[in-house]
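Coordinate inspection notes
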Amino acid sequence: MRRRLVGVLAASALACAVAGAAATGAAAQTAPAGAAASAAPAAEANDWKNVRIDGGGFVPGIVFNQKEKNLVYARTDIGGAYRWEQSGKRWTPLLDWVGWDKWGYNGVVSLATDPVETNRVYVAAGMYTNDWDPNKGAILRSADKGETWQATELPFKLGGNMPGRGMGERLAVDPNDNRILYLGAPDGNGLWRSTDKGVTWAKVASFPNPGNYAADPGDPNGYLSHRPGVVWVTFDPTSATAGKATQKIYVGVADKENTVYGSSDGGATWTRLAGQPTGHIAHKGVLDHTSGTLYIATSDTGGPYDGAKGDVWKLDTKTGAWTRISPIPSSSADDYFGYSGLTIDRRNPGTIMVATQVSWWPDAIFFRSTDAGATWTRIWDWSSYPNRTKRYTMDISSAPWLTFGANPQPPEEAPKLGWMNESVEIDPFDSDRMMYGTGATIYGTEDLTKWDTGGTFTIKPMVEGLEETAVLDLISPPSGAPLVSALGDIGGFRHTDLAKVPAMMFTAPTFTSTTGLDYAETSPNIMVRAGNFTDADRPNDSHVAFSTDGGANWFQGTEPGGINEGGTVAAAADGSRFVWAPKGVAVHHAVGYGNNWTASAGIPTGAVVESDRVNARRFYGFSAGKFYASTDGGATFTATAATGLPAEGNVKFKAVPGREGHLWLAGGDAAKGASGIWRSTDGGASFTRLPGITSAVNVGFGKAAEGRGYQALYAVATIGGVTGVFRSDDTGATWVRVNDDRHQYGNMGEALTGDPRIYGRVYLGTNGRGIVYADTGGGTTPPDDDTTDPSKPGRPTASAITSTGATLTWTPSTDDVGVEGYDVYREAGATDVKVGSSSSASFALTGLTADTSSTYYVVARDAAGNTSAASDPVTFTTAPGGSTDGGCTAAYKVAHSWPGGFQGEVTVKNTGTTAITGWTVKWTFPDGQKITQLWSGVHTQTGADVTVENAGWNGGLNAGASTAFGFGGSWTGANGVPAAVTCTAG
């Protein structure tokens, strides 16, 4: 699985101490450090569940306990560790308590289950050894099979998601004296040992070789230059008795010339095993305790993605004789793969199995021997090319998406047996059960021995409960499927039932990773997604796709040139148009389903884009601390005057359904400036930062609480010193934490949304633990319904009065929760006219008639919909004259307005000293209004631009004379007056 990189949100640390070469123990992780408890928000107890996908990522290790039946663990590279539950035949996650402060602990590079005290289990945790992960690695230890944990920080990093992570296991418990553990370390740190059940650790100074192999020693990113180091430890339990240290120990090293070492004195001294093979790396070392035979599987790379040659060898540890037993030796032209997965049937020790580390074409290959490697059979053989004969059948009915929507030509098949098969394990208590990891799932069988009798055994996914997707975006539309996901590596799904595995990922086109996802708020069946794939493999495919049936079916649009990655994409509220910001390419817009894309003006490449959820003409963008707004469907953007927004770090923003111009923005980097949550109610013209939030990752919206007029707000943030998932039912005035210390999910929050149909339901995306959700709101009493009206605003004052405009200012209202905004009205007899709204205590009037007296007042409102008493009115007269462009002026006003429609009136006045014989009036509608009919003039409308010429009978106006024309129009969301209305005399 390809993994995304993140920064660290919070800085709470496990207590630990490192002195010299020894690391001392640490207490179990509890709540993150931060502000005093009195400042922390209230908390709910909620039941968190996974949205079922089943698998979705690389499983590099499966570990069976050798003494307790059905005690099985699995480790993942970014999604933590799991324990098998035999009763339900599913996996239970064990590291969900890992939070943002130690998110790298979800990278598990090795796992060891204690063969003496079987309740004990250990994890070597740490995701990256370069600077992507700011923390050191750690040994996590549990005495209750992973229910609770303690941690010891190490003085170096570990690489659960680094090259070579499928080798191992590098962490091992002495089967005779379980106080002793060994850990093979990467990057020159050698071999380490604990003698107190993992509490403290010290370097084994006598171990001679820390490993020199790196995939690319010169990689400037520090990823391929990683040295896997010491990669496996294997004990010979027959070399000691219970309670005494095992004397014979074998260790594998990522060094092609010196790959196996041994000790015969309990680890006091070490020697390179004589006669060992060279030229390859021993990925696995498995000892047959009965015969004393050590088997190794080797490859020419550290994997897991590559490997072109390898061998299988066995060592008679009594005589020191090495024998190559490769099913296909590296000297053969038929060997185009390395070997890795290696296992022994402990009930029949002469039976061994080995798997290709990577055989991409036509499929993985498993080999089985019942005579200790003297002869082998294959899981499939060639018959007449391209056909194959198989000893197995595959049943993927529990996870049908494992075909990846492919329909390949023979000899390839879908589903594949797998790839990156670094872990293959036969149950030590049941010769018929085998499990193996792949790049997408865990497969297994319960009738394996049919292989030996000429029968056909069945392979099925054995992965329920193990969720390992990296979630990049989530949407929950108001109708249709409750959830649609954008995922790394497997594209994404339409989730019609959260408790069932979807039948298929997105196809037509299939994206490796979906990076952006949106739906049309008022036509939610219309969806758009953008994503990645290898362009060289599919040069005619597009990185953007559309659906008109809520994500059930997709079709691809065209795309501008130069696009290699999907970026972000936004759908207009009514689905009429789209704005797309591909990675590394200029922002583009299109009317319709992407048949023609046009570059947008005024917004930088790399901006994140979103749409207004009410006004189909409005789109927004953000980049490097600047907020951008478009009112013409994404054709042009303008940087707003908003200041104080985060200039660095990952930033997300979203528009609120049903509230035009309402935006919430979260993110930033607290160490490099600002991080938190900001709110705008004026389309991004200004933002207000919410107090008490020191850092944030994301925000989302869901159905409002009963009696509330504003959607429930969800956030992944640090509030009152506590990092978690929060809900607010009163627009951020108060918060309640809806997760707990056992459900922190590492670097969660890249994707977040509430459910618009179910109050309290929140969907949370993780980086490696899939999609989780909870139905919140039942464990705490919501804030009291807000029934208090805002106070009466002060009487407006008119200033900057011209012939066509003025500025109103007033003393702000107060409210028990907070004033959301103000509505400005003009007195007009029986039905006053709302001329606009403002989020602050001022408003600019435009389009007024010269030398005309008018009266205005304002009304305050809060988020619950409560309104204040009207302010005292202000009356003023505009200046005489006004614009004399061509000798005439035009004054626009809304005479009447109703839901979806309005009547407008424009007065034309000859301001010159001589008569005119005709006039032309022009304006641009700010909110996409449409003229449906017009009288006393002749009009044309192109988009938002309107031109009106005089009728035959009212073009002639003497000096100072006036005429008027009227029209009927339609509006959606808002009905603002044009910013400028011009008149030209004919």
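Everything numeric in this text was worked out from a predicted model, so none of it was measured.

Here we take up a nonpolar patch on the surface. Nonpolar side chains collect at one region of the surface, where Tyr-305, Tyr-336, Trp-360, Trp-361, Trp-382 and Tyr-385 lie side by side and expose about 670 Å² of accessible area between them. Looking at where Tyr-385 falls in the secondary structure, it is placed in the loop between strand S29 (380–382) and strand S30 (388–390). Residue Tyr-385 is classed as exposed on the basis of its relative accessible area of 56%.

Next up on the list: the confidence of the model for the protein. The predicted model of the protein has a mean per-residue pLDDT of 92, with 95% of residues at 70 or higher. Across residues 1–38 the pLDDT falls below 50, and counting only partners more than four positions away or on other chains, this stretch makes 117 contacts in the model.

Bringing the pattern of salt bridges into the picture now. Inspection of the entire model under this criterion finds 45 salt bridges. Taking the shortest distance from any N to any O, the salt bridge between Asp-497 and Lys-500 comes out at 4.0 Å. Classification of Asp-497 as partly exposed rests on a relative accessible area of 30%. The class of Lys-500 is exposed, set by a relative accessible area of 53%. Bridged by salt links that share partners, the residues Arg-659, Arg-679, Glu-820, Asp-823, Lys-834 and Arg-861 form one connected network.

Let's shift gears to the environment of Asp-789. On the secondary structure map, Asp-789 appears in the loop between strand S61 (771–775) and strand S62 (797–799). Remark: the alpha-carbon pair of Asp-789 and Thr-867, spanning 78 residues in sequence, is separated by 5.5 Å. Setting aside residues up to four positions removed in sequence, Asp-789 forms contacts with Asp-815, Asn-866 and Thr-867.

This paragraph deals with the sheet that holds strand S8 (residues 90–93). Either a parallel or an antiparallel arrangement is found when strands of a sheet pair, and the pairing is made through backbone hydrogen bonds. Read from one edge to the other, the open sheet built from four strands follows the order S5-S6-S7-S8, with strand pairing classed as antiparallel. Strands at the two margins of the open sheet, each flanked by one partner only, are strand S5 (61–64) and S8. In this sheet, neighbouring strand axes are inclined to one another by 30° on average, regardless of whether the strands run parallel or antiparallel. Sheet analysis places strand S6 (residues 72–75) next to strand S7 (residues 81–85), joined by three bridges and oriented antiparallel. In the sheet register, Ala-74 faces S7, and the bridge partner there is Tyr-82.

For the structure on display, the rule yields one disulfide. One disulfide bridge connects Cys-888 with Cys-983, the sulfur atoms lying 2.0 Å from each other. The disulfide joining Cys-888 to Cys-983 has a torsion of about -100° about its S-S bond and is therefore left-handed. Of this pair, Cys-888 sits in strand S69 (residues 888–898) while Cys-983 sits in strand S76 (residues 981–985), placing them 95 residues apart in sequence. The pair formed by Cys-888 and Cys-983 is uniform in burial state, with each residue classed as buried.

On to the side chain of Asp-473, then. Among the secondary structure elements, Asp-473 is positioned in strand S36 (residues 471–475). It is Lys-654 that comes nearest to the buried, bridge-free Asp-473 among opposite-charge side chains, at 5.7 Å. Here Leu-517 takes part through its backbone nitrogen, which lies 3.2 Å from a polar atom of the side chain of Asp-473. Apart from the residues within four sequence positions on either side, Asp-473 is in contact with Val-484, Ser-485, Ala-486, Gly-516, Leu-517 and Ala-751.

Inspection of the entire model under this criterion finds 46 aromatic pairs. Relative to Trp-923, the ring of Tyr-892 has its centre 5.4 Å away and its plane inclined at 70°; by these criteria the two rings are edge-to-face. Of this pair, Tyr-892 sits in strand S69 while Trp-923 sits in strand S71 (residues 919–924), placing them 31 residues apart in sequence. Summarising the burial analysis for this pair, Tyr-892 and Trp-923 share the class buried.

So, about the nonpolar core. Core analysis: the largest hydrophobic core is formed by 56 residues, its most contacted members being Phe-366, Ile-379, Trp-401 and Leu-417. Considering each element in turn, this core owes the most residues, four residues, to strand S26 (residues 352–356). Core analysis: the next-biggest nonpolar cluster, separate from the first, contains 39 residues, Phe-876, Ala-890, Val-921 and Val-948 among them.

With that settled, the discussion passes to the pairing of strand S45 (residues 588–591). Bridge analysis of strand S44 (residues 577–581) against S45 gives four bridges, and the strand direction is antiparallel. If you follow Val-579 over to S45, its bridge partner there is His-589. Counted along the chain from S44 to the antiparallel partner S45, the turn is six residues long, and its residue Gly-584 has a positive phi close to 80°.

What follows covers unusual backbone geometry. Here the amide bond leading from Gly-303 into Pro-304 is cis, since omega sits at 5°, within 30 degrees of zero. Along the chain, the position of Pro-304 falls in the loop between strand S22 (293–299) and strand S23 (312–316). Looking along the chain, the bond that leaves Pro-410 and enters Pro-411 is cis, with omega of 15°. Position of Pro-411 relative to the elements: it lies in the loop between strand S31 (392–394) and strand S32 (424–426). With phi around 60°, Lys-197 is a residue other than glycine that occupies positive phi space. Tracing the backbone through its elements, the reader meets Lys-197 in the loop between strand S15 (191–194) and strand S16 (201–203). The phi angle at Ala-508 is positive, at roughly 55°, despite the residue not being glycine.

Analysis parameters
- Each chain carries its own residue numbering, running from 1 in the written order of its sequence.
- For a predicted model such as this one, the threshold for reporting local features is a pLDDT of at least 70, and the threshold for listing and counting side-chain atom pairs is 80 or more; totals across whole chains, interfaces and linings nevertheless cover every residue.
- Side-chain numbers come from the whole structure's heavy atoms, not from hydrogens or water.
- Exposure above 30% relative accessible area and the lack of any salt bridge qualify a residue for a patch; like charges then connect within 9 Å, and the nonpolar side chains Val, Leu, Ile, Met, Phe, Trp and Tyr within 5 Å.
- In these tables, accessible area is a Shrake-Rupley quantity obtained with a 1.4 Å probe, and a residue counts as shielded only by the protein chains included in the view.
- Should a side-chain nitrogen of Lys or Arg be within 4 Å of a carboxyl oxygen of Asp or Glu, the pair is scored as a salt bridge.
- Every helix listed is a DSSP run of H or I at least four residues long, and every strand listed is a run of E at least two residues long, numbered separately from the N terminus.
- Only protein chains enter the area calculation, which uses a 1.4 Å probe; residues under 20% of their type maximum are buried, those over 50% are exposed, and those in between are partly exposed.
- Per residue, pLDDT captures the predictor's confidence, and it can take any value from 0 to 100.
- In what follows, a contact means two residues having at least one pair of non-hydrogen atoms within 4.5 Å.
- In this analysis, strands are considered paired if DSSP registers two or more bridges between them.
- Axis geometry follows a simple rule: fit a line to the C-alpha atoms, using only the stretch in contact for helices, then measure angles between N-to-C directions, giving values from 0 to 180 degrees.
- Disulfides are defined as cysteine sulfur pairs within 2.5 Å.
- Here the positive residues are Lys and Arg and the negative ones are Asp and Glu; neither His nor the chain ends is included.
- Distance and chemistry together define a polar contact, namely a pair of N or O atoms within 3.5 Å, with one atom able to donate a hydrogen and the other to accept it when in protein, and with adjacent residues in sequence counting only for side-chain atoms on both sides.
- Under the pairing criterion, centres of Phe, Tyr and Trp rings, with the six-membered ring standing for Trp, must be within 6.5 Å; the plane angle then separates stacked pairs below 30 degrees from edge-to-face pairs above 60, leaving the rest tilted.
- Only buried Ala, Val, Leu, Ile, Met, Phe, Trp, Tyr and Cys residues count toward a nonpolar core, and they belong to the same one when joined by side-chain atoms within 4.5 Å.

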